[in-house]
Each structure stands twice: as structure tokens, then as C-alpha cells.
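Residue-level structural notes
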Amino acid sequence: MSELRNPWQLLYRVYRHVQPVLEREFAAWYERAQAIPNPELRKQAQDSMNSKKFHCQGGCVYAAQVIPYVETIVPLIVAYQTISDYLDNLCDRSTSLDPKDFRQLHFSMQDALTPGAPLRDYYQYREDKDDGGFLAGLVQTCQRYAAQLPAYSKIQPQVLVFSCLYSDLQVHKHIAQHLREGELLAWWDEYKERYDYLQWQEFAAVTGSTIGIFALFCLATEDDVSEETINTVSEAYFPWLCGLHILLDYLIDLEEDRLGGDLNFVSYYDSEQVATERLQFFIKQAKASVKRLPNPAFHRMIVDGLVAFYLADRKVNRSQPHIYTIARQLLKQAKGLPSVLFYVNSLLVRR
């Protein structure tokens, strides 16, 4: 991995080397989504790609560290994130509330990280089945590119841990509304001693991020990466960077979810002040933890970029005072030229 020292260098690499590959890969998968025979599956695939492309854009920033591997890392991240977003739509927008169905769908995310794993009938427990090979194609693409990473076997156990936790969250949070909180709390009981410095909803938020997996993909380009380095990166991302990522995502959706009656982890804080303090704590811990990582300047820019990217969203405005007040406090903490530059860039991307 080559070191990135400043935001100008990062943005240059993203737009010069990463973005063209991302656009090519995303367009190819969108074309395949348009050809899905089943109308419901086609709708959910297209809707997820229309509304969540920025997830792929954000994830592919990690490839800026490893330009010689951009033709491996970017297709891998785009395919994996597309699975994640597609399944989220299938679970969140469809009529199914069956945890068996959600679990079966999400086996695709672990199979995608296991080169050589046989495909399964991921649609086994739902009526809509014929996707024309869309999901299977995504899984096989991930398998093919993961196998090309020199040290993939070293990071594979950890990315599978992250992937399984992500899938657990998706199963628990998409079941019948009156059962969700109880399932999530029972799940938290398994982990609360290990993560006693987190609140239950924070742990759930941490598991909902894929960026820890993407950081590990990039580590796997180094044939001699050590177990210690893998552990250090994993512990920085889980919980701090992953938690910050998803809590910010829930923050900007706070009012929308309240009106729609949807689960929102930020809403579980006792007050606006507590929410602000906890998010500030995640920013502080994330910034402290990245100092120990390889290429620390890059990961520090990821922290600044996350804050800037989400708080540049059009939902953050004076018409939603609770979100706006918290956002202003958080932006003060992510100060300096990198944050200003990422904020301006994020305004262009998201608006």
C-alpha cells in the first residue's frame, strides 16, 4: 500500500484511478439488474442501486491506497456492496417478515467471501425467485476477485466474522416490528460483556457497516501482512469507525424514520445532548485508534470524510432542528482543511 498524506492526493487518486473503474462496474451491474426477469426482484435491485450508489462510491475510496490493485479491489467492493444494498431492499421493502428467508438471502454474503464455495438457493423461502443469475453473479464475482488478493487467506476469518455479524443484524432488524427490539436485545446479551463500553444500539450500529471489510481487503494486497496488523485494523474499525459510519447514517434519517415508524438506533439515546456526546465520543475514539494503523493519515481522512459526507446531506437543515444542532456540534470536532475539503466535495456528490 502506498501512503496517502493529504486530501488533495486522495481526491486525485479517487477521481483519476478509482472512479472510472467504479463507474464501469456499477453500470455493468445496473444493466444486469434491468434484465432481471422477476418484476419484484428487478424493482428492488434497481431501486437499491438508484438510491444507494453512494455506498459504493464511499467504499471504493479505500482502493486509493492500493492503485496497482484497483482493477481487483474496486470490482470486489462494488459487487459486495451491491449485494448488501440489494438484500437490504429485499428485506426492508418486501412483504416477507420471515427470519428464515432473511438468513437464507444473507448466506450469499458469506459465500461471496469464500472463494470456491458452492452457490445456494438464496431465494428458497420466498415466492419471487427468478433474478436471472443476478445475485449468483455478484457472489461469484466477489469470490473471483477475493481469490486474487495475495494475503486473502490471512484476512478471510476476520471478514467472515464481520459479515456474519452484519447478517445477524439484518435478520433481527427486519422481522415483525413488535419483535425487533426484543431480538436485538437478546442478541446483544451475547456480546455485552466484551463491549461493555457500548450501549446496545451502538453495538447494533457497529455491525451494520461494511467498511471494516473493505479496509481488510486492502490489507490483503500485502503478501506479508502480519496478524498483529490485521487485529489492529479490525479493532480500530470495530467498533469505532464502523460505529461512527452507521450512527451518522441513522442520525440524518432520524426524522424520516420517526415519521415512518422505522427502527433508528440514534433515537434510543435519552436526549439530544446524550446523542451528541456519544457521537463526539465515537469521533474521538476513531481518531485516536487510527494513529496505530498503517497509513494513519488515510484512515484519519476516512474519519473526517465520514463526518463531512453524512452531514452534507440535504436532510441536515434548519427545518429539522434536532439533526441540525447535533450536526453543527460534530462538524466542529472534525475541523481543519481536510474536513472543509471533504465537506465541499460531499456537497457536490450528494446534492
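Residues numbered from 1 in each chain as written. Predicted model: local features only at pLDDT ≥ 70, side-chain atom pairs only at ≥ 80, totals over all residues. Heavy atoms only, no water.

Under an unreviewed UniProt entry, the protein has the name Tetraprenyl-beta-curcumene synthase family protein and belongs to Brevibacillus agri.

Tracing the backbone through its elements, the reader meets Gln57 in helix H3 (residues 53-60). Residues Gln57 and Val78, spaced 21 residues apart in sequence, show a C-alpha to C-alpha distance of 8.4 Å. (Helix = DSSP H or I, 4+ residues; strand = E, 2+ residues; numbered from the N terminus.)

On to the domain arrangement of the protein. Put simply, an interface is often sized by how much accessible area is lost when its parts join up. Its domain assignment divides the protein into domain 1 (1-147) and domain 2 (150-350). At the junction of the two partners, domain 1 supplies 40 residues and domain 2 supplies 42 residues. Taken over both partners, the interface formed by domain 1 and domain 2 buries close to 3,900 Å², and the fraction arising from carbon and sulfur atoms is 68%. Applying the counting rule to domain 1 against domain 2 returns 1 salt bridge. Residue Asp168 pairs with Arg103 through a salt bridge whose shortest N-O separation is 2.8 Å. There are 10 residue pairs in polar contact (both at pLDDT 80 or more) connecting domain 1 and domain 2. Mapped by element, the contributors of at least two residues to the side of domain 1 that touches domain 2 are helix H1 (7-34), H3, helix H4 (70-93) and helix H5 (99-112). The class makeup of the residues in the side of domain 1 that touches domain 2 is 25 nonpolar, 10 polar and 5 charged. (Domains from an automatic or database assignment. Contact = heavy atoms within 4.5 Å. Buried area = accessible area lost by both parts, 1.4 Å probe. Salt bridge = Lys/Arg side-chain N within 4 Å of Asp/Glu carboxyl O. Polar contact = N/O pair within 3.5 Å; in protein donor to acceptor, adjacent residues only side chain to side chain. Nonpolar A, V, L, I, M, F, W, Y, C, P; charged D, E, K, R; others polar.)

As a further point, take unusual backbone geometry. With phi around 55°, Asn295 is a residue other than glycine that occupies positive phi space. In this structure, Asn295 sits in the loop between helix H13 (272-290) and helix H14 (296-311). Note on Asn295: relative accessible area 10%, which makes it buried. (Buried < 20%, exposed > 50% of the residue type's maximum accessible area, 1.4 Å probe, protein only.)

Throughout the structure, instances matching the rule amount to 13 salt bridges. One salt bridge connects Asp304 with Arg300, and the closest N-O pair in it is separated by 3.6 Å. Of this pair, Asp304 and Arg300 both sit in helix H14, separated by 4 residues, roughly a single helical turn. Residue Arg300 is classed as partly exposed on the basis of its relative accessible area of 34%. Here the salt bridges share partners, and the residues they tie into one network are Arg24, Glu25 and Glu71.

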